[in-house]
Number of protein chains: 2
Amino acid sequence: MQNKPQLTVVKIGGNVIDNPDALKAFLADFALVEGYKILVHGGGKIATKTAEGLGITAVFHEGRRITDKPMLDVAVMTYAGLINKDITAQLQSLGNNAIGFTGADGNLILSEKRKNAAVDFGFVGDVISVADELLKVLLLQNIVPVFCAVTHDGKGQLLNTNADTIAAELAVACSAHFDVKLLYCFEKKGVLTDVENEDSVIKNLTFENYQELREQGAIHSGMLPKLENCFNALNRGVTSIGIGSPEMIKGGSDYTLITP
Amino acid sequence: MQNKPQLTVVKIGGNVIDNPDALKAFLADFALVEGYKILVHGGGKIATKTAEGLGITAVFHEGRRITDKPMLDVAVMTYAGLINKDITAQLQSLGNNAIGFTGADGNLILSEKRKNAAVDFGFVGDVISVADELLKVLLLQNIVPVFCAVTHDGKGQLLNTNADTIAAELAVACSAHFDVKLLYCFEKKGVLTDVENEDSVIKNLTFENYQELREQGAIHSGMLPKLENCFNALNRGVTSIGIGSPEMIKGGSDYTLITP
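In this text, all values refer to a predicted model and were calculated from it rather than measured experimentally.

Caption draft 1: Structural detail: the packing of aromatic side chains. Taken as a whole and assessed by the stated rule, the structure comprises 12 aromatic pairs over all chains. Aromatic side chains Phe26 of chain B and Phe30 of chain B sit 6.0 Å apart centroid to centroid with 25° between the ring planes, which places their arrangement in the stacked category. Of the two residues, Phe26 of chain B and Phe30 of chain B both sit in helix α2 (residues 20–32), 4 residues apart, roughly one turn of that helix. Comparing Phe26 of chain B with Phe30 of chain B shows no difference in burial state: the two are buried. With 5.5 Å between their ring centres and 65° between their planes, Tyr36 of chain B and Phe178 of chain B make a pair best called edge-to-face. With Tyr36 of chain B in strand β2 (residues 36–41) and Phe178 of chain B in the loop between α6 (163–174) and β11 (179–185), this pair connects stretches of sequence that are 142 residues apart. Aromatic ring contacts, followed pair by pair, group Phe207, Tyr210 and Phe231 of chain A into a single cluster.

Caption draft 2: Molecular detail of the layout of surface pockets. Residues and elements named next belong to chain B. By volume, the largest pocket is sized at about 1,200 Å³. Together, 40 residues line the largest pocket, and Lys11, Thr161, Asn162, Ala163 and Asp164 are the ones closest to its centre. Elements that contribute at least two residues to the lining of the largest pocket include exactly α1 (14–17), α3 (45–53), β4 (64–66), α4 (69–93), β7 (125–130), α6, β11 and α8 (224–235). Among the elements that line the lining of the largest pocket, the one with the most residues is α6, at 5 residues. Residue classes in the lining of the largest pocket are distributed as 15 nonpolar, 15 polar and 10 charged.

Caption draft 3: Spotlight on the relation of the copies chain A and chain B. Taken as rigid bodies, chain A and chain B are interconverted by a rotation of 180° and an axial shift of 0.0 Å, the fit giving an RMSD of 0.0 Å. With respect to symmetry, the two chain copies, as superposed, fit the operation of a two-fold axis. Interface overlap between copies: 100% of the residues of chain A at the interface are likewise at the interface in chain B, consistent with a symmetric, same-surface contact.

Caption draft 4: Main features of the interface of chain A and chain B. Taken together, the 37 residues of chain A in the interface contact 37 residues of chain B. Taking both sides of the interface into account, the surface hidden between chain A and chain B amounts to around 2,700 Å²; carbon and sulfur atoms contribute 71%. Along the contact surface separating chain A from chain B lie 2 salt bridges. Counting across the chain A and chain B interface gives 8 residue pairs in polar contact (both at pLDDT 80 or more). Those elements that provide at least two residues to the side of chain A that touches chain B are α3 (45–53), α4 (69–93), β5 (97–101) and α5 (132–140) of chain A.

Caption draft 5: Representation of the packing of α2 of chain B against α4 of chain B in the model. Residue and element names in this part refer to chain B. Close contact between α2 and α4 brings their axes to 10 Å; oriented N to C, the two are set at 50°. Classed by the angle they form, the pair α2 and α4 counts as oblique. α4 is crossed by α2, and the crossing has right-handed handedness. Note on element contacts: α4 touches α2 through Asp86, Ile87, Gln90 and Leu91, opposite Leu23, Lys24, Leu27, Phe30 and Ala31. Across the contact of α2 with α4, the residue classes break down as 6 nonpolar, 1 polar and 2 charged.

Caption draft 6: Up close: the UniProt feature "site: Transition state stabilizer" (unreviewed entry) in chain A. Residues and elements named next belong to chain A. Under the UniProt annotation, the feature "site: Transition state stabilizer" (unreviewed entry) is placed at Lys11 and Lys226. Their sequence span is 216 residues, while the largest C-alpha to C-alpha distance among them is just 13.1 Å; these annotated residues converge on one region. Looking at the secondary structure, you find Lys11 in strand β1 (residues 6–12). Taking the relative accessible area as the measure of exposure, Lys11 reaches 11% and is therefore buried.

Cut-offs used in this document
Residues numbered from 1 in each chain as written. Chains lettered and ligands numbered in written order. Predicted model: local features only at pLDDT ≥ 70, side-chain atom pairs only at ≥ 80, totals over all residues. Heavy atoms only, no water. Phe/Tyr/Trp six-rings, centres within 6.5 Å; stacked < 30°, edge-to-face > 60°. Helix = DSSP H or I, 4+ residues; strand = E, 2+ residues; numbered from the N terminus. Buried < 20%, exposed > 50% of the residue type's maximum accessible area, 1.4 Å probe, protein only. 1 Å grid on protein atoms, 1.4 Å probe; cavity = no way out; pocket = protein on both sides within 12 Å on 5 of 7 lines; lining within 4 Å. Points joined across faces, edges and corners; volume = space filled by probe spheres on them. Nonpolar A, V, L, I, M, F, W, Y, C, P; charged D, E, K, R; others polar. Least-squares fit on C-alpha atoms with pLDDT ≥ 70 in both. Contact = heavy atoms within 4.5 Å. Buried area = accessible area lost by both parts, 1.4 Å probe. Salt bridge = Lys/Arg side-chain N within 4 Å of Asp/Glu carboxyl O. Polar contact = N/O pair within 3.5 Å; in protein donor to acceptor, adjacent residues only side chain to side chain. Axes fitted to C-alpha atoms, helices over the stretch in contact; angles between N-to-C directions. Parallel < 35°, antiparallel > 145°, perpendicular 65-115°, else oblique. Left-handed = near helix turned anticlockwise from the far one by under 90°. UniProt positions renumbered as here; feature names shortened; annotations may be inferred.

What follows is the structure, given as structure tokens:
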């Protein structure tokens, strides 16, 4: 393990992407992260705004979004087009040799259309595999891959895919070649014992104390699926996972460090 | 020269992109092109349609299009997003390991905002340099690069750039490592002596007979700038250039072959 080179996989969401100043500040910090690195970004309000502008209405089924063809096109336009290429150009100006990717590019992330007996969620994909050998070649060329939340099914169809999942799957696949740290940046400082109190960050979580805290009801229920996914990723080879604010990537704030 | 591997650079325009069936047929042919290859695509009516949908009006100055910020965003959404990623996913399904690029990705095409004393054309870039070493690494990995008509200035700004120029600059830069054939697919069968007659294709053009034909007025004036650019690319290292219909790439029709 110790001999593998370090790789940091960072995921950012709408809270950073929707604010041009916050995005700029984040990218300046990200550009300074040493070692090999990958950035994964979610969507943002620009997708909703573009859909509205084009007169496309979001379709929901029991509160869950359905990605129909017009909405997939908007996702591809805004995530893979506008947002991804803006981030790539900004990182280039900061001296990082970024390349923006969907999962279709280089077959980097192959997925399959979500199967659900009851509901057709539309053009939504669940990850099947990651082309870790090509990713390794690119990283060793000092390329900084920037992934958006779009993958493909290998049969010509693009699919919208959850950005948190993409980050986790990239981190797991790359752990074959790298010592991988996965950082989830979100709107809180970390996993909190009291959601009202930003100072209640749990600084260290292992599977053992996670189980204790969960039984005590000390972790907000909304965080439990995210944490289950984190422990799953750790079981599959990721070395450590951080959950916190974007400041986390420069060590500028407390955050939750999750280890096996 | 003989020892360099073969590279084919193919450029397609709106006439192929605007017609899903034509695009599908073209990509099936392109996927079968042997050796290293690069695809460059222009825009298409989808950009105009998206702009209209979003209520963005095209700005012109003396008949020439001005790319203002909203129009640049539409170009990035449709060229780098929708069109580029659709082509990439289709090529993947055909067994070509395609990656879709703007010039910002990997700093592959650096450009500068067009300088013009009289008119500000907006976010339009003229190519300065191509990262041929990285392109070579990618090609030797059997990656099929797919370029859209977007580049960047290295300072964080994306720029709209003529797809014909991108194809020529890629071909010239790659001729340092490859024996490069550049194929321009367009709506005619080739350079015609009689624009009304598709059977009047000039099958072979060298600089010598081009000069003669030009003096005789046997070449339509609209083709002259394109041909001047072709001879310029040949002077800078490209081995040969084809101008013809998309059928040309599979040898399925007459076309104009231009050599020094």
